[in-house]
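Results of the structural survey
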Amino acid sequence: AFEFTKVVFPIIAVIVIVFSVMSGRSGFVEIKPGEVAVVYNAVGIGVFGDDYRVVTEQGTLSYMPFFQRVELLEIDPQVLVMTGQGSPKDPNMVNQLTVRANDGSNFFFERMELHYQIMPGQANIVISENGRGDGYKQKALAVHSREILRNEFGRYSFLEVAKPSTYGKATALAKKSLNERLNPLGIVVTQIITPKPRFQQKVEEAIELRQTAEQE
């Protein structure tokens, strides 16, 4: 076994060097502040390490090209913004949130912000569930956020949801439900900033009349 190891490992080392030079891959990657790396065993052979390894330390990380691959994710706090028609170029900018109230009317939020970040130790889960890069922002964060926010705000009538105490309560419950859904996927929502909901003009007028009558 000792002789086998002495022969095999040098051969593997030479192969790695040759392939690295030919491909232009150096076998080094820089983990910058605010990033986490996941090193994958690309060939499934035990000598090249575990199936995956999460690296949270900053600095230069070495790996074996072709036999291993490295995925980097941002772990600094980020903000998902629901406003307008979103942006095809920015995965953190998505369509504004529209909700159907329990009385059948619709309302929307001109700009809702969800502050979130990846849980460093679960970066591998983020990738395995949503693919490489920013896929998780659309596949997990935006989809689950829109569903849960609509559920929580849609419990009320347009008159109820117009009250700050009501949409404040709905925001808190939405954050709790979102984290129950997203934490197992490696994402945590730290804050939801909810503006005053907006309605159709005639509904806005009805709300103003109701509020004026209550004040009088």
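Residues numbered from 1 in each chain as written. Predicted model: local features only at pLDDT ≥ 70, side-chain atom pairs only at ≥ 80, totals over all residues. Heavy atoms only, no water.

**Let's talk about the overall build of the chain**
- The number of helices and strands found in the chain is 6 helices and 12 strands.
- Out of the 216 residues in the chain, the part that is buried amounts to 39%.
- If you take every contact in the chain between residues at least 6 apart in sequence, the share linking residues at least 24 apart comes to 71%.
- Only carbon and sulfur atoms are counted for the fraction: they give 54% of the accessible area of the chain, which is about 12200 Å². (Helix = DSSP H or I, 4+ residues; strand = E, 2+ residues; numbered from the N terminus. Buried < 20%, exposed > 50% of the residue type's maximum accessible area, 1.4 Å probe, protein only. Contact = heavy atoms within 4.5 Å. Areas by Shrake-Rupley, 256 points an atom, 1.4 Å probe, with all protein chains shown as cover.)

**A few points about the sheet that holds strand β11 (residues 187-193)**
- Ordered in space as β7-β6-β10-β11, the 4 strands form an open sheet in which the pairing is mixed. For this open sheet the edge positions go to β7 (93-94) and β11, each flanked by a neighbour on one side alone.
- When strand β6 (residues 78-83) meets β7, the two strands line up parallel, connected through 2 bridges. The residue of β7 that forms the bridge with M82 is V94.
- On top of the sheet, helix α5 (residues 164-182) reaches β10 (111-118) and β11; it is set at about 165 degrees to β11, its chief contact. (Pairing = 2+ DSSP bridges. Axes fitted to C-alpha atoms, helices over the stretch in contact; angles between N-to-C directions.)

**Comments concerning a nonpolar patch on the surface**
- Together, V43, I45 and V47 line one region of the surface with nonpolar side chains, adding up to about 220 Å² of accessible area.
- Considering the arrangement of structural elements, one finds V43 in the loop between β2 (35-41) and β3 (52-55).
- Judged by its relative accessible area of 37%, V43 falls in the partly exposed class. (Patch = residues over 30% accessible without salt bridge, like charges linked within 9 Å, V, L, I, M, F, W, Y side chains within 5 Å. Salt bridge = Lys/Arg side-chain N within 4 Å of Asp/Glu carboxyl O.)

**Some words on helix α2 (residues 123-130)**
- The complete set of buried residues in α2 reads A123, N124, V126, I127 and N130. Across the axial projection of α2, the buried residues extend over an arc of 160 degrees, all falling on one side.
- Tucked inside the fold, the buried residues of α2 contact β2, β3, β5 (68-74), β10, α3 (135-153) and β11.
- One or two positions beyond α2, positive phi appears at G131, with a value near 85 degrees. (Arc of directions from axis to C-beta.)

**Focus on the nonpolar core**
- Residues M112, L149 and F153 are the most contacted members of the largest nonpolar core, which totals 41 residues.
- The element that contributes the greatest number of residues to this core is α3, accounting for 7 residues.
- The contacts of L149, once residues within four sequence positions are left out, are M82, L97, M112, L114, G154, A174 and I192. (Core = buried A, V, L, I, M, F, W, Y, C linked by side-chain atoms within 4.5 Å.)

**Here we look at α3**
- Taking 1.5 Å per residue as the helical rise, α3 with its 19 residues ought to reach 27 Å, and the 26 Å between its terminal C-alpha atoms agrees with that figure.
- Of all the bends in α3, the greatest measures close to 30 degrees and is centred on L141. (Expected span 1.5 Å × (residues − 1). Bend = angle between axes of the 7 residues up to and from the residue.)

**Remarks on the environment of R150**
- Looking at where R150 falls in the secondary structure, it is placed in helix α3.
- Overall, the relative accessible area of 38% leaves R150 in the partly exposed class.
- Between the C-alpha atom of R150 and that of R100, which follows or precedes it by 50 residues, the distance is 7.5 Å.
- In contact with R150, not counting residues within four places along its chain, are L97, T98 and V99.

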